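# Observations on chain architecture
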Amino acid sequence: MIALPTSLVVAQWVVTAALGVILIIAYRQLAFFLNIEGKVRDAEGLPVGVTIPAFEYVSVKGEMRHFATGNMPVALLVADPLCVTCEGALVAMERVLGKARYSRIRGLVLTSATRTAIDSVPHFRDTQLEVGLVRPEVLTDVLQTVATPYTYMVDGDGVVTGGGIAADEVGVEKLITLASDHSGSTPLLPIDGLRRAAH
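One structure accompanies this document, and this report is about it. (Residues numbered from 1 in each chain as written. Predicted model: local features only at pLDDT ≥ 70, side-chain atom pairs only at ≥ 80, totals over all residues. Heavy atoms only, no water.)

## As for the sheet that holds strand E5 (residues 130-133)
- In spatial order, the strands read E2-E1-E5-E4-E3-E6-E7; together these seven strands make up an open sheet with mixed pairing. Because the sheet does not close on itself, it has two edges, and the strands there are strand E2 (64-66) and strand E7 (160-164). Strand after strand, the sheet turns through a mean of 30° between neighbouring axes, direction not considered.
- Across three bridges, strand E1 (residues 56-59) lies against E2 in antiparallel orientation. Counted as the bridge partner of Glu 56 is His 66 from E2.
- Of the strands in this sheet, strand E3 (74-78), strand E4 (106-111) and strand E6 (150-154) touch helix H2 (residues 84-97), which is tilted by about 170° from E3. (Pairing = 2+ DSSP bridges. Helix = DSSP H or I, 4+ residues; strand = E, 2+ residues; numbered from the N terminus. Axes fitted to C-alpha atoms, helices over the stretch in contact; angles between N-to-C directions. Contact = heavy atoms within 4.5 Å.)

## What about the pairing of E4?
- Most of E4 is tucked away, with six of its six residues classed as buried.
- Residues Arg 106, Leu 108 and Leu 110 of E4 are buried on one face, and the alternating residues Gly 107, Val 109 and Thr 111, pointing to the opposite face, are buried as well.
- The sheet contact formed by E3 and E4 spans five bridges and is parallel. Bridge pairing links Ala 75 to Gly 107 in E4.
- Note that E4 and E5 share four bridges and pair parallel. Residue pairing across strands places Leu 110 opposite Gly 132, the latter belonging to E5. (Buried < 20%, exposed > 50% of the residue type's maximum accessible area, 1.4 Å probe, protein only.)

## Comments concerning the packing of aromatic side chains
- Under the counting rule described, the total for this entry stands at three aromatic pairs.
- Centroid distance Phe 55 to Phe 67: 5.0 Å. Interplanar angle 10°. Geometry classified as stacked. Of this pair, Phe 55 sits in the loop between helix H1 (6-42) and E1 while Phe 67 sits in the loop between E2 and E3, placing them twelve residues apart in sequence.
- Judged by relative accessible area, Phe 67 falls into the buried class, the value being 12%.
- Ring-pair connections join several aromatic residues into one group, and the members of that group are Phe 55, Tyr 57 and Phe 67. (Phe/Tyr/Trp six-rings, centres within 6.5 Å; stacked < 30°, edge-to-face > 60°.)

## Considerations on the nonpolar core
- Among the nonpolar cores identified, the biggest contains 25 residues, and Leu 97, Val 109, Phe 124 and Ile 176 are the most heavily contacted of them.
- Among the elements of the structure, E3, H2, E5 and helix H6 (169-181) are those that each provide at least two residues to this core.
- Examining the composition of this core, we find that seven residues originate from one element, H2, more than from any other.
- Setting aside anything within four residues of it in sequence, one finds Phe 124 in contact with Ala 79, Asp 80, Pro 81, Cys 86, Glu 87, Leu 90, Val 109, Ile 118 and Val 131.
- Counting residues in hydrophobic clusters, the runner-up holds 20 residues, among them Val 74, Val 78, Leu 110 and Val 160. (Core = buried A, V, L, I, M, F, W, Y, C linked by side-chain atoms within 4.5 Å.)

## Section: H2
- Between its terminal C-alpha atoms H2 stretches 20 Å, which fits the 20 Å expected from 14 residues at 1.5 Å a residue.
- Among the residues of H2, Cys 86, Glu 87, Ala 89, Leu 90, Val 91, Ala 92, Met 93, Val 96 and Leu 97 are the ones counted as buried. (Expected span 1.5 Å × (residues − 1).)

## Some points on the side chain of Glu 130
- Tracing the backbone through its elements, the reader meets Glu 130 in strand E5.
- Relative accessible area serves as the criterion here: at 19%, Glu 130 is assigned to the buried category.
- A polar side-chain atom of Glu 130 sits 2.7 Å from a polar atom in the side chain of Tyr 57.
- Aside from chain neighbours lying at most four places away, what touches Glu 130 is Tyr 57, Arg 65, Arg 106, Gly 107, Leu 108 and Val 109. (Polar contact = N/O pair within 3.5 Å; in protein donor to acceptor, adjacent residues only side chain to side chain.)

## Focus: the pattern of salt bridges
- For the structure shown, the criterion picks out ten salt bridges.
- Between Glu 130 and Arg 65 there is a salt bridge; the shortest N-O distance is 2.6 Å. Placement of the pair is Glu 130 in strand E5 and Arg 65 in strand E2, with a sequence separation of 65 residues.
- You can call Arg 65 partly exposed: its relative accessible area is 28%.
- A salt bridge links Arg 95 to Glu 169; the shortest N-O distance between them is 3.8 Å. With a gap of 74 residues between them, Arg 95 in helix H2 and Glu 169 in helix H6 connect regions that are remote in the sequence.
- Classification of Arg 95 as exposed rests on a relative accessible area of 51%. (Salt bridge = Lys/Arg side-chain N within 4 Å of Asp/Glu carboxyl O.)

So this is what it looks like as structure tokens:
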């Protein structure tokens, strides 16, 4: 029988325990990701053709406002300043809406983050788009968004004409273009299709 040094046996058990912990962490992260993905597929936001429900938001200047289109289309971005992808989506929306052909579309960014979080991210703090602060229930219950960044297109009558996850300039422009070309009877743009369009 071969006798192994005690330090080697202890090292073997330490490595085995460490690998077990790493596997558990990896499994939990994967389970979390799959759960979020499942929720996104189950709740893709408000369907096309419905009037966007009434809600209130507070402007970054502290003014209470009621969401209204003002008879012009609105690109509504649900985002979180602490989400890097959301920051990219905000910059993308700002660039797209800065193009002459989209000059009649108003941009509105909604977040449930604090004013401190908004001020800590330069793109959110300095954006030319309107930023509104809402309670988390407005995002989840009223607008039915689960993941961010999520973008809606709303026509001048307040009817949803498109929606989905669009995180870069190509995806945002594709969403705006498709939503502008569709009537209220068209089904909601699939999230997977928008992801492919964004690449």
